[in-house]
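Descriptive analysis of the structure
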Amino acid sequence: QVQLVESGGGLVQAGGSLRLSCAASKSIFSINAMGWYRQAPGKQRELVAGFSRGGDTNYAVSVKGRFTISRDNAKNTVYLQMNSLKPEDTAVYYCNADDGVDTYWGQGTQVTVSS
């Protein structure tokens, strides 16, 4: 099993930045894939950014060039650096991990971008 704990959400003005963190309870080096998803009110949960164990990364079109996913294997932590935030980025952001056996989710962290 993998427990995921997100942090770093908050309220920010449009154009500002936030960095989200996701701390995993086991080595992320052994996890097949990890990523960040978000869910806005009334909308489906969508992939924001993710990477595979091999290091390949992918981003939603809406965040390319503004968001960067990264990881620190020594700290078992994945980050999402969010720059040039827009009101439409407002959502609950969830960390996700797939260890090849099951899929795990964090509790979510709220990101609110004011115009």
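Let us look at the structure shown here.

What counts and what doesn't
- Residues numbered from 1 in each chain as written.
- Predicted model: local features only at pLDDT ≥ 70, side-chain atom pairs only at ≥ 80, totals over all residues.
- Heavy atoms only, no water.
- Helix = DSSP H or I, 4+ residues; strand = E, 2+ residues; numbered from the N terminus.
- Buried < 20%, exposed > 50% of the residue type's maximum accessible area, 1.4 Å probe, protein only.
- Contact = heavy atoms within 4.5 Å.
- Salt bridge = Lys/Arg side-chain N within 4 Å of Asp/Glu carboxyl O.
- Core = buried A, V, L, I, M, F, W, Y, C linked by side-chain atoms within 4.5 Å.
- Polar contact = N/O pair within 3.5 Å; in protein donor to acceptor, adjacent residues only side chain to side chain.

**Brief notes about the environment of Ile-28**
- Turning to its location among the elements, Ile-28 is positioned in the loop between β3 (18-24) and β4 (33-39).
- Classification of Ile-28 as buried rests on a relative accessible area of 2%.
- The spatial distance from the C-alpha of Ile-28 to the C-alpha of Pro-41 is 30 Å, given a sequence separation of 13 residues.
- Setting aside chain neighbours within four positions, we find Ile-28 in contact with Met-34, Arg-71, Asp-72, Asn-73, Asn-76, Thr-77 and Val-78.

**Description of unusual backbone geometry**
- The backbone phi angle of Asn-76 is positive, close to 50 degrees, even though this residue is not glycine.
- With respect to the element layout, Asn-76 can be found in the loop between β7 (67-72) and β8 (77-82).

**Let's talk about the pattern of salt bridges**
- Under the defined criterion, the tally for this structure stands at three salt bridges.
- Here Arg-38 ties to Glu-46 by a salt bridge, and the two come within 2.7 Å at their closest N and O atoms.
- Note that Asp-89 is salt-bridged to Arg-38, the shortest N-O span being 3.0 Å. With a gap of 51 residues between them, Asp-89 in the loop between β8 and β9 (91-98) and Arg-38 in strand β4 connect regions that are remote in the sequence.
- When its relative accessible area of 1% is taken as the criterion, Asp-89 is described as buried.
- In this structure Arg-38 comes out as buried when scored by relative accessible area, which is 6%.

**Quick word on the nonpolar core**
- Formed by 30 residues in total, the largest nonpolar core has its most connected members in Leu-4, Met-34, Trp-36, Leu-80, Met-82 and Tyr-93.
- Every element with two or more residues in this core is listed here: β3, β4, β5 (46-52), β7, β8, β9 and β11 (109-114).
- Beyond its immediate sequence surroundings of up to four residues, Leu-80 is in contact with Leu-18, Arg-19, Leu-20, Trp-36, Val-48, Ala-49, Phe-67, Thr-68, Ile-69 and Tyr-93.

**Some remarks on the side chain of Arg-66**
- Position of Arg-66 among the secondary structure elements: in the loop between β6 (57-59) and β7.
- A polar side-chain atom of Arg-66 sits 2.8 Å from a polar atom in the side chain of Asp-89.
- Setting aside its immediate chain neighbours within four residues, Arg-66 contacts Gln-81, Met-82, Asn-83, Ser-84, Leu-85, Lys-86 and Asp-89.

Don't take any of this as a statement about function, it's just geometry.
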